[in-house]
Amino acid sequence: MAEHEQGSGGSPVKAGFVAGWSAGSVSVFQLVLIGTYISIGALAHDLGFPIAWVVLSTLIVWAAPAQVIMISALAAGAPPFEVAIAVTLTGVRLLPMVVALLPILRTRASSFAGVLLAAHFTAVSMWMESLRLAPRRPVEERIAFANGIGTALIGGATIATVAGYYFARVLPEPLVAGLLFLTPMSFLVSVARASKMISDRIAAVAGLVLSPLLVVLGVGLDLMWTGLIGGTAAYLVRRAVRARA
Amino acid sequence: MTELWPYVLLVLVGFLPNEVWRWLGVVFARGLDETSEVLVWVRAVATAILTGVVAKIVVFAPGALAGVPLWVRLGAAGIGFAAFLIARQSVFAGVVSGTLALMAIDLLVGR
């Protein structure tokens, strides 16, 4: 395993990380993330969570929809088990994202810790930037490059979480409302952009319609049924279309 | 102990239920091809859940967003999506247009 000597031009891990950190620092996703996490910090402040708890949630959960749902559900007094179900449902998307990203990033020589960290940093922002930029880097630098992007993005989000928490009192309400709107808006267009297959597109539309409908109808586990019904129906449509072709 | 409980709760209901999918991704990345049928289905399910979350946050808005009328939230999402399409699928154009539209309409006529 250890026979792969690193190149003479310095460590590829260090070079990749620094390049990734620079790319992540100037990414347009920084703006969206900073706005989003200001709103999450302000939401958590208004609902009475401690600052250390909110900052830790940004660092270890690192998924805006999960955090918004978790914070508002816990504050509303939802049972922990129900909160965990809602969070895990919003996290399903991370599985196919990691499966798509890792083969591009890793080599046989990649350390498991580096791979695990890249998986942790996987979120729509880091994923889109890594898919776009990592293929241009030497392959032995890519895990570190993606982790550099992830570090820069999570760093900006963490600072924004703190800022949102402490400025919650002075931020005008229409501004906080606008920043809270960043999460659904950015996920709506990111999903549309990432949906290449007919099954993804049908599933996206089905999710928009089904979830509010199931909530209004009072069906429990609405997100789970939205995913299973909408996703499976969309998958079956794709199969039917392909069978005919 | 009581001060620790919120942090235990964060790990149990926030970290673990979310992170497990990233770990499963690491496991499956060795064997699964991105175009395998199982993954096509998983992605469809995940996509429906994600737009389901989008609809939930827009329709049953949390915190300060609840102060914005429903029709403004829906209209702004439509404006943002239209801008995304017009700007050749630019995520940034969609997000900025939708958010500015929400704040502008809310300030001008919503309240």
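It should be noted that the structure appears before, not after, this text.
This one's a predicted model, so the numbers in the text were calculated from it and none came from an experiment. (Residues numbered from 1 in each chain as written. Chains lettered and ligands numbered in written order. Predicted model: local features only at pLDDT ≥ 70, side-chain atom pairs only at ≥ 80, totals over all residues. Heavy atoms only, no water.)

A.B. asks: What exactly am I supposed to notice about the overall build of chain B here?
C.D. replies: Looking only at helices and strands, one finds four helices and zero strands in chain B. In terms of C-alpha radius of gyration, chain B reaches 19 Å, well past the compact-globule figure of 13 Å for 111 residues. The principal-axis extent of the C-alpha atoms belonging to chain B is close to 50 × 50 × 20 Å. By the burial criterion, 48% of the 111 residues in chain B qualify as buried. For chain B, the share of sequence-separated contacts (at least 6 apart) that also reach a separation of at least 24 residues comes to 36%. Split by element, the accessible area of chain B, about 5,200 Å² in all, is 75% carbon and sulfur. Taken together, the 7 basic and 6 acidic charged side chains of chain B have centroids lying 8 Å from each other. (Helix = DSSP H or I, 4+ residues; strand = E, 2+ residues; numbered from the N terminus. Rg over C-alpha atoms; globule rule 2.2 N^0.38 Å. Buried < 20%, exposed > 50% of the residue type's maximum accessible area, 1.4 Å probe, protein only. Contact = heavy atoms within 4.5 Å. Areas by Shrake-Rupley, 256 points an atom, 1.4 Å probe, with all protein chains shown as cover. Lys, Arg positive; Asp, Glu negative; His and termini not counted. Charge placed at Lys NZ, Arg CZ, Asp CG, Glu CD.)

A.B. asks: I keep staring at the interface of chain A and chain B and nothing clicks. Help me out?
C.D. replies: Reports of interface size often rely on the accessible area that becomes lost once the parts have come together. Across the boundary between the two partners, chain A contributes 90 residues, which contact 71 residues of chain B. Applying the counting criterion to the chain A and chain B interface returns four salt bridges. In this structure, A:Asp222 and B:Lys56 form a salt bridge, with 2.7 Å as the shortest nitrogen-oxygen distance. At the surface where chain A touches chain B, the tally comes to 20 residue pairs in polar contact (both at pLDDT 80 or more). (Salt bridge = Lys/Arg side-chain N within 4 Å of Asp/Glu carboxyl O. Polar contact = N/O pair within 3.5 Å; in protein donor to acceptor, adjacent residues only side chain to side chain.)

A.B. asks: Would you take a moment to explain a nonpolar patch on the surface for this structure?
C.D. replies: There is a patch of nonpolar side chains on the surface, built from A:Phe112, A:Leu116, B:Leu4, B:Trp5, B:Val8, B:Val11, B:Leu12, B:Leu16 and B:Trp23 and spanning about 800 Å² of accessible area. At the level of secondary structure, the elements contributing two or more residues to the nonpolar patch comprise helix H7 (112-121) of chain A together with helix H1 (5-28) of chain B. With six residues, the top contributor of residues to the nonpolar patch is H1(B). Mapped onto the elements, B:Trp23 comes out in helix H1. On the basis of relative accessibility, which here comes to 36%, the residue B:Trp23 falls in the partly exposed class. (Patch = residues over 30% accessible without salt bridge, like charges linked within 9 Å, V, L, I, M, F, W, Y side chains within 5 Å.)

Purely spatial values, then, with no claim about function.
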